[in-house]
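# Per-entry structural report
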Amino acid sequence: MKQKRVIKVDNERLNKLKTNESTACLDWALKQPNINELQSTIQQMSFIDLHFEIENIEMQGVCHVLSNNQMQLKFISIANGLLIFQETNCVVLSDCVIQKKKFHCHHNQLFLIIVQNNGGRLILIFQHPMSQKEWFKILKLSAKQIDFLKKYRIQNNICLNFYSVSHKKKKKKFAAQIINRKTFKFYDLQEIVNNYIKILRNTNIQNVFPIISIFDDNDILYLLTDQFIGNSFEQLLSNQKTIVTQADLAFIIFSVLQNLRSLQEEDLFHGNLNLDNIIIVNQSGQLGVYVINPIYKLYKQKQVDYYVNAVPDYLLAPEINENQTPSVCSDIYQLGIILMLVSFYSVSQKINNSFIERVINNKEILITQQQIKFQKCQDSDFPFLFSACQLDLIKQMTESDPNRRIQVQDALKHAWFINTKDKIKTQKQNFNRHLPSLKTIIEMVEQSDYDIKRKSLQSTAINLKLPLSKYEFSPFTQQQPELSPLRKTSESLNEVLDEEHQISNLIDQLNNKQYIMLPSQYNHFNQAKSQLRLVQTENNLDQLHI
């Protein structure tokens, strides 16, 4: 699930608005007593000087800016998460808070967008309301907003700190991750959350939830995204009614590896992979994985104290204890530990410290015991351990030496994923082989319609000749040909009805069989024999490029 949210810009409309704003005369605003509401404090903002030409401009136009009591027409544009001001200065929008306002005076009004950064503010002044609307629509994709609770209503908890929310006016439903920064004790956390937002904004990162907008109210962050249904990996395993198949487990691990590969390509890492930071989601019937809460920051050599304190001991790669900085390589170790815990987990157990310690301390013994079972073509002792290839991937991912540990690119091509993918294809082929073709179904329906009409005509003939029933046992009656309607007794009519019933049942069974293969629109669990099972037919593992 690759994040991709693009809003189309109507260039023709923007050019018309640009012309209207360029010709607007706003000198009347300078004479108003509340002119301070329009005053920008540009000197206090953190601008970055541009020394190169930026391509891929998303939007460009003009606005008025009031600074030092002078109203000036300024050229502005948006590109790569930057608001470019007068072609030479720019500000990083993810570090800014924006809001819309109106400036009223007698019969006149102006439409404002306030961009705040580090105590300073830049007020973009527009004469036309459509100018404000179009610019705000693009700015809110990168900058933060305020007053979340005025626009949205928090409803149910989805999982962890994710909640379903609805827009108060439009009644449209969304989901939001709520982060309370008041609980932060260290500056590192603030830096890490800012980096987390930048990762979510980065459209090259796979399997993170798509950001619609971000609200920052009194140190509480609301990260708004599309509505989804989901559970953390730990919640999924703890549910005794849930069946996680080999295809499900392989899809989850493969999706996290995809996330790590995209992070590595951007010179980033996650740093804190655990069972709570992997969310299994259903969005419009599509099964997917969101990897959340990275703790990325630039760690210096031998200065990883915060990282060591933030991550549980069992998830610390051995090289971290030797003062090496975290990386995607140490992320691979964490994911290997997670896969190992899941593989040696049974529903009757609880994922607590004693279970984790027992598995970590007996890693070699457990792996050896199960390898022997697979060599003897026996099933493993654990419900989520499916093959010797799975054990091999665990061993390579949890290798103590980072130089010998499997790399993310090689892990994505591991035999376990290839074998699981082939197994799904084989199951689908076997399933389709036992299904009648569409032509056969049509022929069956047409034949049943013909039989129904024929039998109906024959039964009508019987009803019309009821007065002859008194000759039923006469020699004449006994000599009637086999196709005579007089030979159709109640017993033969029951046989016709039975035949029609069988055909109808066959079609119903086929429809039901196909219906079971369809993803649910409301939940990523299907009820079957009092057990819950992940919908694996739509996890697309067989379509992923390995």
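Everything that follows concerns the structure shown earlier in this document.
Residues numbered from 1 in each chain as written. Predicted model: local features only at pLDDT ≥ 70, side-chain atom pairs only at ≥ 80, totals over all residues. Heavy atoms only, no water.

Here we come to the overall build of the protein chain. For the protein chain, the helix and strand inventory stands at 16 helices and 20 strands. Looking at the 546 residues of the protein chain, the share that counts as buried comes to 47%. In the protein chain, of all internal contacts separated by at least 6 residues, the share reaching a separation of at least 24 is 65%. Total accessible area on the protein chain stands at roughly 29700 Å², and carbon and sulfur atoms take up 48% of it. (Helix = DSSP H or I, 4+ residues; strand = E, 2+ residues; numbered from the N terminus. Buried < 20%, exposed > 50% of the residue type's maximum accessible area, 1.4 Å probe, protein only. Contact = heavy atoms within 4.5 Å. Areas by Shrake-Rupley, 256 points an atom, 1.4 Å probe, with all protein chains shown as cover.)

Let's shift gears to a positive patch on the surface. Together, Lys100, Lys133, Lys151, Lys169, Lys170 and Lys172 make up a region of like positive charge exposed at the surface. One can find lysine 133 in helix H2 (residues 129-139). For lysine 133, a relative accessible area of 49% translates into the label partly exposed. (Patch = residues over 30% accessible without salt bridge, like charges linked within 9 Å, V, L, I, M, F, W, Y side chains within 5 Å. Salt bridge = Lys/Arg side-chain N within 4 Å of Asp/Glu carboxyl O. Lys, Arg positive; Asp, Glu negative; His and termini not counted. Charge placed at Lys NZ, Arg CZ, Asp CG, Glu CD.)

Right, let's talk about the nonpolar core for a bit. The biggest cluster of nonpolar side chains holds 89 residues, and the ones touching the most others in it are Phe209, Leu223, Phe233, Leu257 and Phe344. Among residues more than four places away in sequence, those in contact with leucine 257 are Ile332, Leu335, Met397, Val408, Ala411, Leu412 and Phe417. Membership of the second largest hydrophobic core comes to 24 residues, among which are Ile78, Cys96, Val115 and Trp135. (Core = buried A, V, L, I, M, F, W, Y, C linked by side-chain atoms within 4.5 Å.)

Before going further, it helps to examine the packing of helix H1 (residues 11-22) against H2. Across the interface, H1 lies against H2 with an axial gap of 10 Å and an inter-helix angle of 130°. What the angle tells us is that H1 and H2 run oblique. When you trace H1 past H2, the crossing you get is left-handed. Residue-level inspection shows Arg13, Leu14, Leu17 and Glu21 of H1 in contact with H2, the latter providing Met130, Ser131 and Glu134. By residue class, the composition of the contact of H1 with H2 is 3 nonpolar, 1 polar and 3 charged. (Axes fitted to C-alpha atoms, helices over the stretch in contact; angles between N-to-C directions. Parallel < 35°, antiparallel > 145°, perpendicular 65-115°, else oblique. Left-handed = near helix turned anticlockwise from the far one by under 90°. Nonpolar A, V, L, I, M, F, W, Y, C, P; charged D, E, K, R; others polar.)

Before going further, it helps to spend a moment on the side chain of serine 343. Structurally, the position occupied by serine 343 is in helix H8 (residues 328-343). A distance of 2.6 Å separates the side chain of serine 343 from the backbone oxygen of leucine 339, its partner in a polar contact. Non-local contacts of serine 343, meaning those with residues more than four positions away in its chain, are made with Phe382, Phe384, Leu385, Gln390 and Ile394. (Polar contact = N/O pair within 3.5 Å; in protein donor to acceptor, adjacent residues only side chain to side chain.)

Summarising burial for strand S11 (residues 162-167): 5 of the 6 residues are buried, a large majority. Pairing between strand S10 (residues 152-159) and S11: 5 bridges, direction antiparallel. Bridging from a neighbouring strand, arginine 153 pairs with serine 166 of S11. Linking S10 to S11, which pair antiparallel, is a turn of 2 residues; within it leucine 160 sits at a positive phi near 50°. Where S11 lies against strand S12 (residues 173-180), 5 bridges are found, and the strand directions are antiparallel. Bridging from a neighbouring strand, phenylalanine 162 pairs with glutamine 177 of S12. Adjacent in sequence and paired antiparallel, S11 and S12 are bridged by 5 residues, among which lysine 171 carries a positive phi angle near 65°. (Pairing = 2+ DSSP bridges.)

All told, the structure shown has 18 aromatic pairs when counted by the stated rule. Here tyrosine 152 and phenylalanine 215 contribute two aromatic rings whose centre-to-centre distance is 5.7 Å and whose plane-to-plane angle is 75°, an arrangement assigned as edge-to-face. With tyrosine 152 in strand S10 and phenylalanine 215 in strand S13 (residues 213-217), this pair connects stretches of sequence that are 63 residues apart. The same class applies to tyrosine 152 as to phenylalanine 215, namely buried. An aromatic cluster is built from Phe148, Tyr152, Phe174, Phe215 and Tyr222, whose rings are joined through pairwise contacts. Lying over the aromatic face of tyrosine 299, lysine 297 brings its terminal NZ or CZ to 4.7 Å of the ring centre. (Phe/Tyr/Trp six-rings, centres within 6.5 Å; stacked < 30°, edge-to-face > 60°. Lys NZ or Arg CZ within 6 Å of the ring centre and 35° of its normal.)

A rise of 1.5 Å per residue sets the reference length of helix H6 (residues 246-265), with its 20 residues, at 28 Å; its end C-alpha atoms lie 29 Å apart and thus fit the reference within 8%. Counting buried positions over the 20 residues of H6 gives 17, a clear majority of the element. Aspartate 267 lies just past H6 and shows a positive phi near 60°. (Expected span 1.5 Å × (residues − 1).)

Two elements in contact, H8 and helix H11 (residues 388-397), have axes separated by 8 Å at closest approach and are oriented at 145°. Pair H8 / H11 crosses with left-handed handedness. Judged by residue contacts, Ile332, Tyr333, Leu335, Gly336, Leu339, Met340 and Ser343 of H8 engage Gln390, Leu393, Ile394 and Met397 from H11. Considering only residue class, the contact of H8 with H11 consists of 8 nonpolar, 3 polar and no charged.

Attention now moves to unusual backbone geometry. Apart from glycine, the bulk of residues carry a negative phi angle, and the bulk of peptide bonds sit in the trans form. Phi at aspartate 147 takes a positive value of approximately 65°, unusual for a residue other than glycine. Counting through the fold element by element, aspartate 147 comes out in the loop between strand S9 (144-145) and helix H3 (148-151). In the Ramachandran plot, leucine 160 falls in the positive-phi region, its phi being about 50° despite a non-glycine side chain. Residue position: leucine 160 is located in the loop between S10 and S11.

Examined against the element boundaries, cysteine 159 turns out to sit in strand S10. Placed 120 residues apart in sequence, cysteine 159 and isoleucine 279 show a C-alpha to C-alpha distance of 8.6 Å. The contact partners of cysteine 159, leaving out residues within four places of it in the chain, are Gly230, Asn231, Ser232, Gln235 and Ile279.

Let us look at the pairing of strand S8 (residues 120-126). For S8, a buried count of 6 out of 7 residues is recorded, marking the element as mostly surrounded by other parts of the structure. As paired elements, strand S7 (residues 108-117) and S8 share 7 bridges and run antiparallel to each other. The residue of S8 that forms the bridge with glutamine 116 is arginine 121. Connecting S7 to the next strand, S8, in antiparallel fashion are 2 residues, including asparagine 118 with a positive phi near 50°.

This paragraph deals with the sheet that holds strand S17 (residues 278-283). Across the sheet, which stays open at both edges, the 3 strands sit in the order S15-S17-S18 with antiparallel pairing between neighbours. The strands lining the two open edges of the sheet, one partner per strand, are strand S15 (229-232) and strand S18 (286-291). Pairwise comparison of adjacent strand axes, ignoring direction, gives a mean angle of 25° for this sheet. Strand direction decides the pairing type here: S17 and S18, joined by 6 bridges, are antiparallel. Directly across from isoleucine 279, in S18, lies its bridge partner tyrosine 290. In the packing of H6 onto the sheet, contacts are made with S17 and S18, and the angle to S18 comes to roughly 50°.

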